[in-house]
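Structural overview
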Amino acid sequence: MSKRSFSRFLYSGMVIVVGVVLAATLGGVRAAQTKGGTLHVGNTDIGGVVTSPKGPEAGVWVIAETTELPTKLVKIVVTDDQGRYLVPDLPKANYDVWVRGYGLVDSPKSKGTPGMTMNLKAVPAPDKKAAIEYYPALYWFSLLQIPPKSDFPGTGPSGNGISSSIKSQGQWIREIVNTDGCTGCHQMGDKATREIPDSIMHHAKDSKTAWVRRIESGQAGPQMASRFNQVGSNRAAAMYADWSDRIAKGELPDAAPSRPQGKERNVVVTMWDWADPKVYLHDDISTDKRNPTVNANGPIYGALEESGDYLTVVDPMHTSTSMIKLKVRDPQTPSSGDMPPMAPSPFWGDETIWNSKTTVHSFAMDKQGRVWAAARVRKPETPAFCQAGSDHPSAKLMPINQGQRGLELYDPKTKELTTIDTCYTWGHVNFDANDVLWSSFGPAGIEGWFDTKIWDKTHDEKKAQGWSAFVLDNNGNGKRDDYTEPGQPADPKKDKRINVTFYGVTPAPDGSVWGTAMGFPGAIVRFVPGSHPPETALSEYYEVPWNNPKASVQGYAPRGLDVDSKGVVWTVLSSGHYASFDRSKCKGPLNGPTATGQHCPEGWTLYTFPGPNYKGAVENGSADSAYYNFVDVFDTLGAGKDTPVATGNLSEGLLVLDNGKFITLRVPYPMGYYAKGLDGRIDNPNGGWKGKGLYTPISTRAPFHMEGGKGATAKLVKFQMRPDPLAN
């Protein structure tokens, strides 16, 4: 049967001409799925069947939204192979209900209330251009043309415009494109970024000039401009200008997402608005990651990083929000509000919208339900006990003169906030089995810890904290000895100090602490405290395989990190991969003079993220960008214990590694889902899929880039996997 005849057959006489991409989008929507479950609409559910002129619509989303509760609530489900859907557990309210899906345009919104059966009519897209507007940002950003491999190393501003410090195409992607570049703060490829605002384009002589001006917009302007300058501003601007020019002239993605299949149809997404339109979220916390039943049914807390001095809070039981105002110890603590916009923003003009002193980044929750937040509490200069001349055991070995974030402790029982000063800086915050918090963000060359048991007994922040250098057992004798300093030649009789900084950090079951060392190719580092950590801690250093003939897949630039129950380390890479590292697979010595980083390629396994790659990219796996990851040790999502999950920040969902293959749990509304932190909780251990869930914030620094534009707020998103698409 010809394509024309097949199309006419599907649409029963309707003449609809679509391109190859739209045909690919619709391909497989009737793929076999186990038929199971009966559509039973309970008193708190809305359910029905979605059809279009071609019959039942499988693998499309049904969205129910209400603004009648204390905060806006959205629930999203996927239709089964017969077009049936069931939106479960809706609070009493009036809802707008509609259909969104690939190959469609949004259906008209219908009014519904819990307990109703609502059969919905899907609206086929009239053409490829209309259909493609609903594609995730990934499919637009994959049109980006990467400089060819032959252009590296760069030859500088008088040569090819690429900085001579950029040695490879992979490094270029890491520095200016993927997670350590532009997509590390906001989504690239969404409508707001693939189109240049008129307010900028109108005053620019060409699109290249417009991009240079564009990255100067708002309070993040200095950071964005600096990144362009590091790699070669003119060449970077030309790359992005070429991308947006081609789109403006009508170029459309040549790859297409498939509709949800199989297990992807079992997801239930619940979403709450929180915070205000001028702030953004970084991370969230709902429970103790060592015991996810802590704080069951309790509030979820969100961190605003540079944008505001409060914790935003969602109470999921009452669909309500609140805020907890934060404090600093020193009124002279710097503020992000001290940095005005470098140039006017198309959205906020010259207004300084970020004004945080605390810059809360991430959290940990203890077994009492207390929240430990990485927060700035003073000026950068450290207390005297951190510096040279102090009697502190750690300061005697490694004095620290400046540090940024300390800790802020919130006790929900007393509603009290306590500021805690630490010499080193906190980024991510994670507990080990002994109630010791482990830090990331340095300063360079230092790992810090805070013993909460000592704190609870003494409230002495000096006694409760410690830190150590990263020292490799270079002489291989199994203990820490005198060491050479970074930059000095290695000495076979001595150990070797390295100047790495943890970004992601997670304690492992064996008592070691793992972290990521960002950079190119970057590495993961194992930190073993020993009996007296300031003096006994030793480290192991494992680079991501790069230009390593013994590795079957090459990668680079780790960021997020987590460890599973077996001690296997998982991290996401800017090369478009999810990577695992199993130390038990290493064949050679793990310490000694030959353990220089690329000595255990056999320990690494790299899984390429789904989706298209950038144009011309040969040193990259996928154009998707994963900021952070989470190993679901306790099966809070419902995909199985120890399931690795990553944030698919351009594919607009979670990337779940299910038995070695990815399933994508997309958030289709509002377009622009972009996450950083992940946290799973069990509210009812006997409640099945309803008794648990995985929480993420929408974490883009530019929530006004999302569908809805200026005025849109960040969201808290809960993912649950039920046994079939009709389970209630």
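Refer to the structure presented above.
Attention here is on the structure that accompanies the text.

Our next topic: the overall build of the protein. Scanning the protein from N- to C-terminus turns up 14 helices and 40 strands. The C-alpha atoms of the protein give a radius of gyration of 26 Å, which matches the 27 Å a tight globule of 728 residues would have. When burial is assessed residue by residue, the protein has 62% of its 728 residues classed as buried. Between the centroid of the 78 positive side chains of the protein and the centroid of its 76 negative side chains there is a distance of 4 Å.

W172, V177, Y240 and F719 are the most contacted members of the largest nonpolar core, which has 74 residues in total. The element best represented in this core is helix 10 (residues 233-248), accounting for seven residues. Beyond its immediate chain neighbours, meaning those up to four positions away, F719 contacts V267, V268, V269, L637, L654, L665, V667, Y673, G693, L694 and T696. In this structure, V60, L73, V268 and L281 belong to the second largest nonpolar core, which totals 33 residues.

Moving on, we come to the pattern of salt bridges. Here the structure, examined in full by the defined rule, presents 41 salt bridges. Here R370 ties to D456 by a salt bridge, and the two come within 2.9 Å at their closest N and O atoms. Here R370, found in the loop between strand 16 (363-365) and strand 17 (371-375), pairs with D456, found in helix 12 (residues 452-458); they are 86 residues apart in sequence, far enough to count as distant. Note on R370: relative accessible area 8%, which makes it buried. The residue R378 makes a salt bridge to D421 at a minimum N-O spacing of 2.6 Å. A residue pair is termed long-range when its members are at least 10 positions apart, and R378 in the loop between strand 17 and helix 11 (393-397) and D421 in the loop between strand 19 (416-420) and strand 20 (430-431) qualify at 43 residues. An identical accessibility class is assigned to R378 and D421; each is buried.

Along the chain, S574 turns up in the loop between strand 31 (569-573) and strand 32 (577-581). Looking at S574, the relative accessible area reads 1%, which means it is buried. Here the side chain of S574 touches T179 through a polar contact of 3.5 Å, landing on its backbone nitrogen. Excluding residues that lie within four positions of it along the chain, S574 makes contacts with I173, R174, N178, T179, D180, Y556, A557 and N620.

All right, on to the state of the cysteines then. A covalent bond between the sulfur atoms of two cysteines is what we call a disulfide. Enumeration over the complete set of coordinates arrives at two disulfides. Bridging C386 to C423, the disulfide has an S-S length of 1.9 Å. Here C386 and C423 share a disulfide; its torsion about the S-S bond, -75°, makes the bridge left-handed. With C386 in the loop between strand 17 and helix 11 and C423 in the loop between strand 19 and strand 20, this residue pair connects regions lying 37 residues apart in the sequence. Across this residue pair, the class does not change: C386 and C423 are buried. If one numbers only the bonded cysteines of the protein, in the order they occur, the disulfide pattern is 1-2, 3-4. With no disulfide of its own, C182 lies 8.8 Å from the sulfur of C185, the closest cysteine sulfur. Residue classification places C185 among the buried residues on the basis of a relative accessible area of 18%.

Before going further, it helps to examine the environment of F441. Within the fold, F441 resides in the loop between strand 21 (436-438) and strand 22 (446-451). Each C-alpha atom, one on F441 and one on N620, is 27 Å from the other, the two residues being 179 residues apart in sequence. Look past the residues within four positions of F441 in its chain and what remains in contact with it is H361, R405, T425, W426, G427, H428, T501, F502 and Y503.

With that out of the way, let us pick up the packing of aromatic side chains. The tally for this structure, following the rule as stated, stands at 39 aromatic pairs. On the numbers, 6.0 Å between centres and 85° between planes, the contact of Y102 with Y135 is edge-to-face. You can see Y102 sitting in the loop between strand 6 (95-100) and strand 7 (104-105) and its partner Y135 sitting in the loop between helix 3 (128-132) and helix 4 (137-141), a full 33 residues away along the chain. Comparing Y102 with Y135 shows no difference in burial state: the two are buried. Note on F581 and W604: the rings are 5.1 Å apart at their centroids and 55° apart in plane angle, and the pair reads as tilted. Taken together, the residues F581 in strand 32 and W604 in strand 33 (residues 604-608) connect sequence positions 23 residues apart. W604 gets classed as buried once you look at its relative accessible area, which sits at 8%. One cation-aromatic arrangement involves R559 over Y503; the distance from NZ or CZ to the ring centre is 4.6 Å. Taking the ring centre of W348 as reference, the NZ or CZ of K710 above it sits at 4.5 Å.

Of all the residues in helix 9 (residues 221-231), the buried ones are G221, A225, F228 and V231. Along the axis of helix 9, the buried positions cluster into a sector of 135°, meaning they face one direction only. The inward-facing, buried residues of helix 9 contact helix 5 (169-176) and helix 10. Trailing helix 9 by a residue or two, G232 shows a phi angle of about 120°, which is positive.

To continue, consider the environment of S512. When you line up the elements, S512 lands in the loop between strand 26 (502-507) and strand 27 (513-517). For S512, a relative accessible area of 2% translates into the label buried. Distance from S512 to I400, taken between C-alpha atoms, is 24 Å for residues 112 residues apart in sequence. The residues contacting S512, other than those within four sequence positions of it, are P507, R526, F527 and V528. Polar contacts involving the side chain of S512 include one to the side chain of R526, which spans 3.5 Å.

Moving on, we get to the sheet that holds strand 12 (residues 283-285). Where strands meet in a sheet, backbone hydrogen bonds hold them as pairs that are either parallel or antiparallel. Taken in spatial order, the four strands make up an open sheet running 12-13-14-15, and their pairing is antiparallel. Of all the strands in the sheet, the pair left with one neighbour each is strand 12 and strand 15 (320-325). Adjacent strand axes in the sheet meet at a mean angle of 25°, parallel and antiparallel pairs treated alike. Of the pairings in the sheet, the one linking strand 12 to strand 13 (residues 300-303) comprises three bridges and is antiparallel in character. Residue D283 lies in a different strand from strand 13, and its bridge partner there is A303.

The next point concerns unusual backbone geometry. P153 follows F152 through a cis peptide bond whose omega is 0°. Its location among the elements puts P153 in the loop between helix 4 and helix 5. Between G442 and the following residue, P443, the backbone shows a cis peptide bond with an omega angle of 15°. In this structure, K415 takes a positive phi of about 65° despite not being glycine. Overall, K415 belongs to the exposed group, its relative accessible area being 60%. Positive phi outside glycine occurs at N659, with the angle close to 55°.

On to the sheet that holds strand 17, then. If you walk across this open sheet you meet the four strands as 16-17-18-19, and the pairing is antiparallel. The sheet is open, and its two borders are formed by strand 16 and strand 19, each paired with just one other strand. Ignoring which end each strand starts from, the neighbouring axes of this sheet average 20° apart. Bridging between strand 18 (residues 406-411) and strand 19 involves five bridges; their strand directions are antiparallel. Bridging across to strand 19, Y410 finds its partner in L417.

What counts, and at which threshold
Residues numbered from 1 in each chain as written. Predicted model: local features only at pLDDT ≥ 70, side-chain atom pairs only at ≥ 80, totals over all residues. Heavy atoms only, no water. Helix = DSSP H or I, 4+ residues; strand = E, 2+ residues; numbered from the N terminus. Rg over C-alpha atoms; globule rule 2.2 N^0.38 Å. Buried < 20%, exposed > 50% of the residue type's maximum accessible area, 1.4 Å probe, protein only. Lys, Arg positive; Asp, Glu negative; His and termini not counted. Charge placed at Lys NZ, Arg CZ, Asp CG, Glu CD. Core = buried A, V, L, I, M, F, W, Y, C linked by side-chain atoms within 4.5 Å. Contact = heavy atoms within 4.5 Å. Salt bridge = Lys/Arg side-chain N within 4 Å of Asp/Glu carboxyl O. Polar contact = N/O pair within 3.5 Å; in protein donor to acceptor, adjacent residues only side chain to side chain. Disulfide = S-S within 2.5 Å. Phe/Tyr/Trp six-rings, centres within 6.5 Å; stacked < 30°, edge-to-face > 60°. Lys NZ or Arg CZ within 6 Å of the ring centre and 35° of its normal. Arc of directions from axis to C-beta. Pairing = 2+ DSSP bridges. Axes fitted to C-alpha atoms, helices over the stretch in contact; angles between N-to-C directions.

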